[in-house]
Amino acid sequence: MEVFLVDAFASAPFTGNPAAICPLDGPAPDDWMQALAMEMNQAETAFLWPEQDAFRLRWFTPMVEVDLCGHATLAAAHLLWESERLPSGEEAAFLTRSGTLKCSQAGQAIRMDFPAETAAERTAPVDLVELLGSPATWYGSNRMDHLAILPDESAVRAVVPDMTAIAELECRGLVVTAVADPGRDYDFVSRFFAPQSGVPEDSVTGSAHCGLGPLWSQRLQKAALRGYQASRRGGYVDMEVRGDRVILGGHAVTTLHGHLTLAAYPPTLID
């Protein structure tokens, strides 16, 4: 049983966001997949196996299974083509908890067709300044996350989050964002904190850009956007907003390839 580590939304090895990818021949027990995700200790560990004319894809943080993950989907598609499990040029289709997600090659980049997760304005927590160290000019939420627009890029980069307070929010995580400073090669900047999901600060969160894309598309009056997630590793996410879909784009590189020992196999998969 193989396991790979793939850096997604990465310009080079050891940049972007790493995801562990475990290709299987068929379904595995949920508790085993969650245990392996905790062992891998990445923001996401993805499991995929052939199903119908596509691949079933599931994503796990060290603590929970999630409904949508961009960087692990990009990593999974990259691995399918690189390992020749899927012929080069053929579209990758994944059956997920967020419907069918399709990925295609665009030169060296990968493009992913994801649902738009439009955020609606809502009342901000009364302790938001203490929680982030900055006031917000707008606050909202979608089905997964809370989003806060901060006054400028420096405020986003300077955030020292109160992880305990963020963990008490009833959502997957909290996105902070602002329009890019003049002269940048991206349109907006963001960071993503999800201690309640076992990920204190994520490196580059593709699924968060399903909400950030529509948010900034409306404000900047443009459909094609580029975001930069200002984590310690950092990474770019290209996107195009098309109604209720967002096309996410990025690159990936495999950095590790290994095998589980027989002791780590789930009993149901041992002949």
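Just so we're clear, the structure is a prediction, and the values are computed from it rather than from any experiment.

The rules we used
- Residues numbered from 1 in each chain as written.
- Predicted model: local features only at pLDDT ≥ 70, side-chain atom pairs only at ≥ 80, totals over all residues.
- Heavy atoms only, no water.
- Helix = DSSP H or I, 4+ residues; strand = E, 2+ residues; numbered from the N terminus.
- Rg over C-alpha atoms; globule rule 2.2 N^0.38 Å.
- Buried < 20%, exposed > 50% of the residue type's maximum accessible area, 1.4 Å probe, protein only.
- Contact = heavy atoms within 4.5 Å.
- Areas by Shrake-Rupley, 256 points an atom, 1.4 Å probe, with all protein chains shown as cover.
- Salt bridge = Lys/Arg side-chain N within 4 Å of Asp/Glu carboxyl O.
- Core = buried A, V, L, I, M, F, W, Y, C linked by side-chain atoms within 4.5 Å.
- Expected span 1.5 Å × (residues − 1).
- Phe/Tyr/Trp six-rings, centres within 6.5 Å; stacked < 30°, edge-to-face > 60°.
- Lys NZ or Arg CZ within 6 Å of the ring centre and 35° of its normal.
- Pairing = 2+ DSSP bridges.

**Focus: the overall build of the protein chain**
The helix and strand inventory of the protein chain stands at 6 helices and 18 strands. The C-alpha radius of gyration computed for the protein chain amounts to 18 Å, which stays within 12% of the reference 18 Å derived for 271 residues, consistent with globular compactness. Residues counted as buried form 58% of the 271 residues belonging to the protein chain. Look at the contacts in the protein chain between residues 6 or more apart in sequence, and 61% of them connect residues 24 or more apart. Counting every atom, the protein chain has about 11900 Å² of accessible surface; 50% of that belongs to carbon and sulfur.

**Things to note about the pattern of salt bridges**
When their charged atoms lie close together, side chains carrying opposite charge are able to pair. Within the structure shown, the criterion is met by 19 salt bridges. For R97, the salt bridge identified is with E65, shortest N-O distance 3.1 Å. A residue pair is termed long-range when its members are at least 10 positions apart, and R97 in the loop between β6 (92–96) and β7 (99–106) and E65 in strand β5 (residues 65–66) qualify at 32 residues. A relative accessible area of 47% places R97 in the partly exposed class.

**Topic: the nonpolar core**
I21, W59 and F94 are the most contacted members of the largest nonpolar core, which has 55 residues in total. If one sorts the elements of this core by residue count, helix α2 (residues 70–82) sits on top with 8 residues. If you look at the next biggest cluster of nonpolar residues, it comprises 22 residues, including A155, V159, V189 and A230.

**Comments concerning α2**
If you check α2, its first and last C-alpha atoms are 18 Å apart, about what 13 residues at 1.5 Å a residue would give, namely 18 Å. Among the 13 residues that make up α2, 12 are buried, leaving the element largely enclosed by the rest of the structure. G70, H71, A72, T73, L74, A75, A76, A77, H78, L79, L80 and W81 are the residues of α2 that are buried. In the segment just after α2, E84 is the residue with positive phi, at about 65°.

**Describing the packing of aromatic side chains**
What characterises a pair of aromatic rings is the spacing of the ring centres plus the angle enclosed by the ring planes. Summed over all chains, the structure comprises 7 aromatic pairs. Centroid distance F47 to F60: 5.7 Å. Interplanar angle 85°. Geometry classified as edge-to-face. In this pair, F47 sits in strand β3 (residues 45–51) while F60 sits in strand β4 (residues 54–60), placing the two residues 13 residues apart along the sequence. Plain terms: the ring middles of F55 and F94 are 6.5 Å apart, the flat faces sit at 50° to each other, and that makes the pair tilted. One end of the pair, F55, is in strand β4; the other, F94, is in strand β6, and 39 residues separate them in sequence. Each member of the pair, F55 as well as F94, is classed as buried. Through a chain of ring-to-ring contacts, three or more aromatic side chains come together here, namely W32, F47 and F60. The positively charged end of R219 is found above the aromatic ring belonging to W138, 5.0 Å away from the centroid.

**Some words on helix α6 (residues 209–220)**
Within α6, 9 of the 12 residues are buried, which leaves it mostly tucked inside the rest of the structure. Among the residues of α6, H209, C210, G211, L212, G213, P214, L215, W216 and S217 are the ones counted as buried. Phi for Q221, located one or two positions after α6, is positive at around 55°.

**A few points about the pairing of strand β15 (residues 224–229)**
Inspection of the sheet shows strand β13 (residues 188–194) paired to β15 by 3 bridges, in the parallel sense. By the bridge assignment, F188 is partnered in β15 with G227. As paired elements, β15 and strand β16 (residues 235–242) share 6 bridges and run antiparallel to each other. Across the sheet, G227 pairs through a bridge with V237, a residue of β16.

Everything listed here is a matter of coordinates, which is why it stays silent on function.
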